[in-house]
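Okay, here's what each chain looks like letter by letter:
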There are 2 protein chains.
Amino acid sequence: MTDNFFRERRTVRQYTDRPVTDDTLRDLVEQAANAPTTGNMQLYSLIVTRDPAMKRALSPAHFGQPQVEGCSVLLTFCADFNRFVKWCEASDAEPGYDNLQSLVTAFIDVVIFAQQFCTVAEANGLGCCYLGTTTYNAPDIARTLKLPKRVVPVVTLSLGYPVSKCADPGRLPVEAIIHNETYGDYSPEDIRRIYAEKEGRADSKGFVEENGKKTLA
Amino acid sequence: MTDNFFRERRTVRQYTDRPVTDDTLRDLVEQAANAPTTGNMQLYSLIVTRDPAMKRALSPAHFGQPQVEGCSVLLTFCADFNRFVKWCEASDAEPGYDNLQSLVTAFIDVVIFAQQFCTVAEANGLGCCYLGTTTYNAPDIARTLKLPKRVVPVVTLSLGYPVSKCADPGRLPVEAIIHNETYGDYSPEDIRRIYAEKEGRADSKGFVEENGKKTLA
């Protein structure tokens, strides 16, 4: 890993034919599982999809995005209170996790784990891409993956060895993100300044024209 | 960063007096902002708390956890659709983000960013600790930090230079987390095997006795 590892990381949507082996996957999961987790509960499970028929079955829930069938493995990260509740019940403890706050906790837990997994994969020469579609079609995905009660799909990553990285999409200036002590709301001038660079980029202008829109927003 | 960087990372709850400068913080945020973000929207804001009076004001919402006042900077990561909606409105675009799905999207976005920030900080010699209390007392935190509509506090990190790392808390075996193709539910024997190592640890046994409980769960 170079000094610029975090600055230079990019999403990868196209993968070579080289498979991600079970051993590699286990190693990445083991590294990533050292990420922070609320009360050491690890409220997550990872469903690994390799079977082409299963990828095809999941594809509509992801609106047919080509990475679903084009990746080596598709990974569905689920918030999981099932395993923990079963442990509590087997251990004579009162679980008490059937509430929204617990779902939120597991939700945070699984996203922390997924992002750490993404970083670990990138540090090991692989590439991945989040599919933002998982919570839209969670019931369909849950049915296909046979998720029991208390297990909810939250994010999906396509994973493989990179053909190439995506181009730098450009990010907002850090001043747009950081607020000191209290939230400083944005004036119209602030908004113009913050988004000026993004709007001025050649790829943004192309995107606006292609889609017949007046503006990038 | 060493080869074992991800395996050896640990939470840090105790910090030296060395301040985290604004320049350092900017640099960490800039690196972390290259993390994946849905549609390049960056639906998050970061509220930086340095003022001891502000830390004191936030402390009750975090149930008085000592890191709140004991850290160099306290960082509240917020899901933020305010900035993006203002940009849409200034750009003649229909925002249409006042719904639960958008909140979920921003929620995922901000946790990805927070976790990348945590990793970047660790890679740069700093240490941090998640406070799992943020969503419990979100309304109090929002009032103290003067968050406007469409800005929701999701996770909080205490940040500083480490006095020492926390001990390895032990994680579940990877077999407990990975499911191939479909979710393989856990039998009572699976649960016993999966949690055996955790239950057998000396620190776990001490914790059970100290708290007068029958079991760790």
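Because the structure is a prediction, the values reported are computed rather than measured.

### Considerations on the overall build of chain A
Across its full length, chain A holds nine helices and seven strands. Dimensions of chain A, computed from C-alpha atoms along their principal axes, come out at roughly 60 × 50 × 40 Å. Looking at chain A residue by residue over its 217 residues, the buried ones come to 41%. Summarising the internal contacts of chain A: among those between residues at least 6 apart in sequence, 79% fall at separations of at least 24.

### Focus: the interface of chain A and chain B
The partner chain B presents 76 residues to the 77 residues of chain A that form the contact. Breaking the side of chain A that touches chain B down by element, the ones donating at least two residues are α1 (5-8), α2 (22-32), β2 (44-49), α5 (82-90), α6 (100-123), β5 (151-160), β7 (178-180) and α8 (188-200) of chain A. Examining the composition of the side of chain A that touches chain B, we find that twelve residues originate from one element, α6 of chain A, more than from any other. Where β2 of chain A and strand β7 (residues 178-180) of chain B come together, three bridges link them in parallel fashion. Residue pairing in the sheet places Ile47 of chain A in a bridge with His179 of chain B of β7 of chain B.

### Looking at the sheet that holds β7 of chain B
Reading across the sheet, the five strands line up as β4(A)-β5(A)-β3(A)-β2(A)-β7(B) and stay open at both edges, with mixed pairing between neighbours. Strands at the two margins of the open sheet, each flanked by one partner only, are β4 (127-131) of chain A together with β7 of chain B. Mean inter-strand twist for the sheet, computed between neighbouring axes without regard to direction, equals 30°. With respect to the sheet, α6 of chain A is in contact with β2, β3 (73-80), β4 and β5 of chain A, its orientation differing from that of β3 of chain A by roughly 150°.

### Points about the relation of the copies chain A and chain B
These two copies of the chain differ by a rotation about an axis and a displacement along the same axis. Take chain A, turn it by 180°, move it 0.0 Å along the axis, and it overlays chain B with an RMSD of 0.0 Å. These values place the two chain copies in the arrangement generated by a two-fold rotation axis. Taken together, the interface assignments show that 99% of the residues at the interface of chain A recur at the interface of chain B, consistent with an identical surface on both copies.

### Some words on the environment of Thr144 of chain B
Here Thr144 of chain B lies in helix α7 (residues 138-144). Sequence separation between Thr144 of chain B and Met54 of chain B is 90 residues; the distance between their C-alpha atoms is 8.0 Å.

### Focus: the sheet that holds strand β4 (residues 127-131) of chain B
Ordered in space as β7(A)-β2(B)-β3(B)-β5(B)-β4(B), the five strands form an open sheet in which the pairing is mixed. At either end of the open sheet lies a strand with only one pairing partner, and these are β7 of chain A together with β4 of chain B. Direction aside, neighbouring strands of the sheet carry axes that sit 30° apart on average.

### Re the nonpolar core
Membership of the largest hydrophobic core comes to 116 residues, with the highest contact counts inside it found for Val110 and Val111 of chain A together with Val110 and Val111 of chain B. Discounting residues that sit within four places of it in the chain, Val110 of chain B has contacts with Leu43, Tyr44, Phe77, Cys78, Ala79 and Val154 of chain B.

### Brief notes about the packing of α2 of chain A against α6 of chain A
Residues and elements named next belong to chain A. Interaxial distance between α2 and α6 falls to 9 Å at its minimum, and their mutual angle equals 125°. Compared by their axis directions, α2 and α6 come out oblique. In the packing of α2 onto α6, the handedness of the crossing is right-handed. Facing Leu28, Val29, Gln31 and Ala32 of α2, the residues of α6 in contact are Phe113, Gln116, Phe117, Val120 and Ala121. Broken down by class, the residue content of the contact of α2 with α6 amounts to seven nonpolar, two polar and no charged.

Calculation criteria
- Each chain carries its own residue numbering, running from 1 in the written order of its sequence.
- To label them, take the chains in the order written and letter them from A, then take the ligands in the order written and number them from 1.
- Per-residue local features are limited, in this predicted model, to residues with pLDDT of at least 70; the limit for side-chain atom pairs, both in listing and counting, is 80 or more; totals at the level of whole chains, interfaces and linings are taken over all residues.
- The helix and strand labels rest on DSSP assignments: H or I over at least four residues marks a helix, E over at least two residues marks a strand, and numbering proceeds from the N terminus.
- For the exposure call, what matters is how many other C-beta atoms sit within 10 Å of a residue's own: 20 or more marks it buried, 12 or fewer exposed, and in between partly exposed, using C-beta atoms placed from the backbone.
- A pair of residues counts as a contact when their C-beta atoms, built from backbone coordinates, are within 7 Å of each other.
- At least two DSSP bridges between two strands are required for those strands to pair.
- Here an angle of 0 to 180 degrees is reported between the N-to-C directions of two axes, which are lines fitted to C-alpha atoms, with helices fitted over the stretch in contact.
- Only residues with pLDDT of at least 70 in both copies contribute their C-alpha atoms to the least-squares superposition of the copies.
- To form a nonpolar core, buried Ala, Val, Leu, Ile, Met, Phe, Trp, Tyr and Cys residues must be joined through C-beta atoms within 7 Å.
- Relative orientations are named as follows: roughly parallel for angles under 35 degrees, roughly antiparallel for angles over 145 degrees, roughly perpendicular for angles from 65 to 115 degrees, and oblique for any other angle.
- Left-handed describes a crossing whose near helix is turned anticlockwise from the far helix by less than a right angle; the clockwise case is right-handed.
- Under the convention adopted here, Pro, Cys and the residues Ala, Val, Leu, Ile, Met, Phe, Trp and Tyr are nonpolar, Asp, Glu, Lys and Arg are charged, and Gly plus all remaining residues are polar.

Everything listed is a geometric property; what it means functionally is a separate question.
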